[in-house]
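# Geometric and topological summary
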Amino acid sequence: MLKVIGGLAFLYAGVVSAGPSGERLAYLVGCINCHHQTPKEIINAPPLAIVQAYSLPEFKKLMKVGVTRVGRDMLAQSSIMGIVAKEQFSHFTDEEVAAVYNYLRTGWTAERAAKEETKIPSLYKAEPEKK
Ligand code: HEC
């Protein structure tokens, strides 16, 4: 009996320590969409490789208040990145911020970015509807 309980506790610890998936969150909240799946004329977002230049505390500040690592306040500038930081990403837990950060620094590759960008022509093939 004790052995069974011990086994369950071990399983549970395994599930808990896995934590949130940074990859799933990055796709879910739209980092990939705005930064790599949208034509630059529509949303001019830099490649997510830019996160390589951020420390975790800097990235946390970016997510919570929309201020870049060099101190530019994107919300004050009415930049969409500042707005989504304040209105969406500020709801991330610290654990979720760390998961997104780790994914973008270790799992996000130039090949992956290029692959997402190849989708743009098929996603934006139609002429905008004339009213
Ligand atoms: C609604 C579109 C949109 C979404 C969603 C979005 N971004 Fe951005 N992001 C932008 C745009 C546009 C810029 C450039 C803004 C500027 O320079 O004022 C930007 C800039 C940035 C920068 C560069 C800041 C700097 O140092 O200049 C980083 C890093 C960044 N975004 C990370 C992320 C991450 C991580 C996510 C997901 C959690 C995300 N973005 C989601 C549009 C978006």
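All of these numbers come straight from a predicted model, not from anything done at the bench. (Residues numbered from 1 in each chain as written. Predicted model: local features only at pLDDT ≥ 70, side-chain atom pairs only at ≥ 80, totals over all residues.)

On to the site of the ligand. Near the ligand, the surroundings consist of 23 residues, among which Gly30, Cys31, Cys34, Ser79 and Met81 are the closest. Every element with two or more residues in the shell around the ligand is listed here: α3 (31–36), α5 (80–87) and α6 (94–107). Its residues placed into classes, the shell around the ligand shows 17 nonpolar, 5 polar and 1 charged. (Near = placed C-beta within 6 Å. Helix = DSSP H or I, 4+ residues; strand = E, 2+ residues; numbered from the N terminus. Nonpolar A, V, L, I, M, F, W, Y, C, P; charged D, E, K, R; others polar.)

Another point: the packing of helix α4 (residues 56–65) against α6. Packing of α4 against α6 brings their axes to within 10 Å, and their N-to-C directions diverge by 115°. When the axes of α4 and α6 are compared, the crossing they make is right-handed. Contacts from Leu56, Phe59, Lys60 and Met63 in α4 reach Val97, Ala98 and Tyr101 in α6. Residue composition of the contact of α4 with α6, by class: 6 nonpolar, no polar and 1 charged. (Axes fitted to C-alpha atoms, helices over the stretch in contact; angles between N-to-C directions. Left-handed = near helix turned anticlockwise from the far one by under 90°. Contact = placed C-beta atoms within 7 Å.)

Time to look at the environment of serine 55. With respect to the helices and strands, the residue serine 55 is situated in the loop between α3 and α4. Separated by 14 residues in the primary sequence, serine 55 and arginine 69 place their C-alpha atoms 8.4 Å from one another.

Attention now moves to α6. Its 14 residues place the ends of α6 19 Å apart at the C-alpha level, agreeing with the 20 Å of an ideal helix rising 1.5 Å per residue. Every buried residue belonging to α6 is among Val97, Ala99, Val100, Tyr101, Tyr103 and Leu104, and all of these are buried. Buried residues along α6 sit against α2 (22–28) and α4. (Expected span 1.5 Å × (residues − 1). Buried ≥ 20, exposed ≤ 12 C-beta atoms within 10 Å, placed from the backbone.)

Our next topic: the nonpolar core. Counting 16 residues, the largest nonpolar core has Phe59, Met63, Val100, Tyr101, Tyr103 and Leu104 as its most contacted members. Of all elements in the fold, only α4 and α6 reach the threshold of two or more residues within this core. Counting residues per element, this core draws most heavily on α6, which supplies 6 residues. Leaving out residues up to four positions away in the same chain, valine 100 has contacts with Gly22, Leu25 and Ala26. (Core = buried A, V, L, I, M, F, W, Y, C linked by C-beta atoms within 7 Å.)

Even without being a glycine, serine 78 presents a positive backbone phi close to 55°. Mapped onto the fold, serine 78 is located in the loop between α4 and α5.

We now examine the environment of cysteine 31. Its place among the elements puts cysteine 31 in helix α3. Under the C-beta neighbour-count criterion, cysteine 31 is labelled buried, with 21 such atoms within 10 Å. With 16 residues separating them in the primary sequence, cysteine 31 and proline 47 have C-alpha atoms 9.9 Å apart. What cysteine 31 contacts, discounting residues up to four positions off in sequence, is Ala26 and Leu48.

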